[in-house]
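These are the residues of each chain, in order.
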Amino acid sequence: GAVVSQHPSRVICKSGTSVKIECRSLDFQATTMFWYRQFPKQSLMLMATSNEGSKATYEQGVEKDKFLINHASLTLSTLTVTSAHPEDSSFYICSANNPGGRYYEQYFGPGTRLTVT
Amino acid sequence: GQQLNQSPQSMFIQEGEDVSMNCTSSSIFNTWLWYKQDPGEGPVLLIALYKAGELTSNGRLTAQFGITRKDSFLNISASIPSDVGIYFCAGPPQGGSEKLVFGKGTKLTVNP
């Protein structure tokens, strides 16, 4: 149980274009999902908390107009990187709390490797 | 904000050896989580600890919630090559949020 998927697993885009990453909870409903960014050899950095049916809460320093988050259903959250630039190249990972499990246990997707050329 | 300090940063061991790593904070945490991340993958939850003093096992892995609530330990017994990866500790910062803060990780290399 508590499986989270992400799509795509890898994406290469040109500078100035937008990219959408999907995060799905496959066997549970997730009222809250989280989006992280991870640079090589570094830890996970929380970007935003995504709540179903309401606006996402962004961490300090994360541009909400650049990283658009939509949590339209209890099983799907999307992250859109708008007007991507090479410095946006990174590993993006989503996670979700399993309401059937213990409160703080987050289950992670496999990640999306974004490369902006 | 609350930070988690992990040590060591990296470990190089021989297959079959036991491993110990820890995570400390200057603040109290009420929950400690240990994750493992393989290269190019998302972290996988290994063990969750909810009570001070709690000792929990998952196969060859054992984790403890420090009695002061400011630290946690993860031990791996009889290491095997597939134990290679980065181990992160994590916990929810005070304030009632569902968010987690993560340590910087311990990178484990196991030589066959």
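Refer to the structure presented above.
First things first, this report covers the structure right here in the doc.

Conventions we followed
- Each chain has its residues counted from 1, running along the sequence as written.
- To read the labels, note that chains go from A and ligands from 1, taken in the order they are written.
- In view of the model being predicted, local features appear only for residues whose pLDDT reaches at least 70, and side-chain atom pairs are presented and counted only at 80 or more, with totals across whole chains, interfaces and linings using the full set of residues.
- Values shown for side chains rest on all heavy atoms present in the structure; no hydrogens or waters enter the calculation.
- Centres within 6.5 Å are what make two rings of Phe, Tyr or Trp a pair, Trp counting through its six-membered ring; a difference in plane orientation under 30 degrees is then read as stacked, over 60 as edge-to-face, and the rest as tilted.
- What counts as a helix is a DSSP run of H or I of at least four residues, what counts as a strand is a run of E of at least two, and both are numbered from the N terminus.
- The buried label goes to any residue with under 20% of its type's maximum accessible area, the exposed label to any with over 50%, and the partly exposed label to all in between, with areas taken from a 1.4 Å probe on protein chains only.
- Count a disulfide wherever a pair of cysteine sulfur atoms falls within 2.5 Å.

1. Some remarks on the packing of aromatic side chains
Residue and element names in this part refer to chain B. Summed over the entire model, instances satisfying the criterion amount to nine aromatic pairs over all chains. Their ring planes at 80° and their centres at 6.4 Å tell us that W32 and F65 sit as a pair that is edge-to-face. Pair noted here: W32 is in strand β4 (residues 32–37) and F65 is in strand β7 (residues 61–65), with a separation of 33 residues, a long-range link. Like W32, the residue F65 is buried in the burial classification. Summarising the aromatic geometry, the rings of Y35 and F102 are spaced 5.7 Å apart at their centres and angled 45° between planes, so their arrangement reads as tilted. In this pair, Y35 is assigned in strand β4 and F102 in strand β10 (residues 101–102), connecting sequence segments 67 residues apart. In terms of burial, Y35 and F102 fall into one category: buried.

2. Re the state of the cysteines
Taken as a whole and judged by the stated rule, the model has two disulfides over all chains. The side chain of C23 of chain A participates in a disulfide bridge whose partner is C94 of chain A; the two sulfur atoms lie 2.0 Å from each other. Every disulfide takes its handedness from the sign of the S-S torsion; for C23 of chain A and C94 of chain A that torsion is 85°, giving right-handed. Within this pair, whereas C23 of chain A is found in strand β3 (residues 19–25), its partner C94 of chain A is found in strand β9 (residues 90–97), the two being separated by 71 residues in sequence. The burial state of C23 of chain A is the same as that of C94 of chain A; both residues are buried. Paired through a disulfide, C23 of chain B and C89 of chain B show a sulfur-sulfur distance of 1.9 Å. Disulfide C23 of chain B to C89 of chain B: torsion about the S-S bond roughly 55°, handedness right-handed. In this pair, C23 of chain B sits in strand β3 (residues 19–24) while C89 of chain B sits in strand β9 (residues 85–91), placing the two residues 66 residues apart along the sequence. Comparing C23 of chain B with C89 of chain B shows no difference in burial state: the two are buried.

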